[in-house]
Amino acid sequence: MSLFLADLRGFTFFTVCLRLLLAAAAGGIIGYGRARRKRPAGLRTYMLTTIGAALSTLLALYEYEMICGAWAPVVEEVGMKFDGSRYSSSVVSGIGFLAAGTIIASAHRQVSGLTTATGIFASVCMGIACGAGFYECVIVAAVLITIVLNVMTPLESAYKRRLHNIDIFVEFHQLEDLSTITDLAVAKHAQVFDLDIEQARQEGDTYPSAVITLKLSPGHASHSDMLSSIAELSCVRSVQELIS
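Residues numbered from 1 in each chain as written. Predicted model: local features only at pLDDT ≥ 70, side-chain atom pairs only at ≥ 80, totals over all residues. Heavy atoms only, no water.

(A) Just the overall build of the protein, in detail. A count of helical and extended segments in the protein gives nine helices and six strands. For the protein, the residues scored as buried account for 37% of the 244 residues in total. Excluding contacts between residues fewer than 6 apart, the proportion of contacts in the protein whose partners are at least 24 apart in sequence is 67%. (Helix = DSSP H or I, 4+ residues; strand = E, 2+ residues; numbered from the N terminus. Buried < 20%, exposed > 50% of the residue type's maximum accessible area, 1.4 Å probe, protein only. Contact = heavy atoms within 4.5 Å.)

Right, dumping it as structure tokens:
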């Protein structure tokens, strides 16, 4: 087995094709799950990033082979120095611009796209491992990344709902109504951690709104109970829980 892996780590046409195909397959597995969830980065994005990262490592290996072979006389004459890590480091630095483009700051202090950005970064690192012939790492990384991006999503949502902290967005009629809302939360044994007042506009009318961070007391109001109680107030136009 070790002898077989040693052959696969060699730099031949067969191993080059194998590494690029492995990078495409690993990126495709991750991207397929993201595409099904209608995420900004889908199947083709993940495949291209992993292939490109693998290609950068293969270019470094090719340059090293040429420096030690056909280019050796020229290299000795000009005193050229080789640093194979510069390709991969440039890719990791450059992917930050692509990943940053998927992060969007939406209304009510919510940020979306962080998981997509980190997923792209992880797929690039996996592609670099493909190009280097680190097959064991690629297989394990592909499985772990797929599990984190697809399987862990419902578990994370369920875990956040079990926490005692809750962020809610409330729209109400007058600014004075805010004290009525916070008094209700305090009456239900909740602590007001943060409060950010906003202005909302609908059909030409401007009315106040707020993002309120509460810490619920164990054994008292739940997330759904707190939301329904606030929604029943006559001064409240609408209320929703903010889940990032």
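(B) Layout of the pattern of salt bridges. Scanning all chains against the criterion turns up one salt bridge. Asp225 is the salt-bridge partner of Lys188, the closest N and O atoms lying 3.6 Å from each other. Of this pair, Lys188 sits in the loop between helix H8 (177–187) and strand E4 (191–202) while Asp225 sits in helix H9 (residues 223–231), placing them 37 residues apart in sequence. Exposure remark for Asp225: the relative accessible area of 30% places this residue in the partly exposed category. (Salt bridge = Lys/Arg side-chain N within 4 Å of Asp/Glu carboxyl O.)

(C) Seen up close, unusual backbone geometry. Positioned with a positive phi, His189 is a non-glycine residue whose angle comes to about 65 degrees. Tracing the sequence through the fold places His189 in the loop between H8 and E4.

(D) Region of the structure containing the state of the cysteines. Per the stated rule, a full pass over the model turns up zero disulfides. Cys137 provides the cysteine sulfur closest to Cys125, a residue in no disulfide bond, and the two sulfurs are 9.3 Å apart. (Disulfide = S-S within 2.5 Å.)

(E) Geometry of the packing of helix H2 (residues 13–36) against helix H3 (residues 43–68). It is at 7 Å that the axes of H2 and H3 come closest, and there the two elements cross at 155 degrees. Classified by the interaxial angle, the pair formed by H2 and H3 is roughly antiparallel. Considering only the axes of H2 and H3, their crossing is right-handed. Counting all contacts with H2, which are made through Val16, Arg19, Leu20, Ala23, Ala24, Gly27, Gly28, Ile30, Gly31, Tyr32, Arg34 and Ala35, the residues of H3 involved are Leu43, Tyr46, Met47, Thr50, Ile51, Ala54, Leu55, Leu58 and Leu61. (Axes fitted to C-alpha atoms, helices over the stretch in contact; angles between N-to-C directions. Parallel < 35°, antiparallel > 145°, perpendicular 65-115°, else oblique. Left-handed = near helix turned anticlockwise from the far one by under 90°.)

(F) Up close: the nonpolar core. Membership of the largest hydrophobic core comes to 20 residues, with the highest contact counts inside it found for Ile168, Val170, Ile181, Ile212, Leu214, Met226 and Ile230. At the level of elements, strand E3 (165–172), H8, strand E5 (205–215) and H9 are the ones that each hand at least two residues to this core. Among the nonpolar cores identified, the runner-up in size contains 19 residues, and Ala26, Ile30, Ala53 and Ile95 belong to it. (Core = buried A, V, L, I, M, F, W, Y, C linked by side-chain atoms within 4.5 Å.)

(G) Up close: H2. In this model, H2 (24 residues) spans 34 Å end to end at C-alpha, consistent with the 34 Å of a helix rising 1.5 Å per residue. For H2, the full list of buried residues reads Thr15, Val16, Arg19, Ala23, Ala24, Ala26, Gly27, Gly28, Ile30, Gly31, Gly33 and Arg34. Once H2 ends, the next one or two residues include Lys38, with phi positive near 60 degrees. (Expected span 1.5 Å × (residues − 1).)

(H) Highlighting a nonpolar patch on the surface. On the surface, a nonpolar cluster with roughly 610 Å² of combined accessible area is contributed by Ile139, Val143, Ile147, Val148, Val151, Met152 and Leu155. Structurally, Val143 can be placed in helix H7 (residues 135–162). (Patch = residues over 30% accessible without salt bridge, like charges linked within 9 Å, V, L, I, M, F, W, Y side chains within 5 Å. Areas by Shrake-Rupley, 256 points an atom, 1.4 Å probe, with all protein chains shown as cover.)

(I) A look at the environment of Leu61. Relative to the helices and strands, Leu61 is located in helix H3. Judged by its relative accessible area of 29%, Leu61 is partly exposed. Here the alpha-carbon distance between Leu61 and Gly131, two residues 70 residues apart in the chain, equals 8.7 Å. Leaving out residues up to four positions away in the same chain, Leu61 has contacts with Phe11, Arg19 and Gly131.

(J) Representation of the environment of Ala185. Mapped onto the elements of the fold, Ala185 is located in helix H8. Contact partners of Ala185, with chain neighbours within four places excluded, come to Ala190, Leu214 and Met226.

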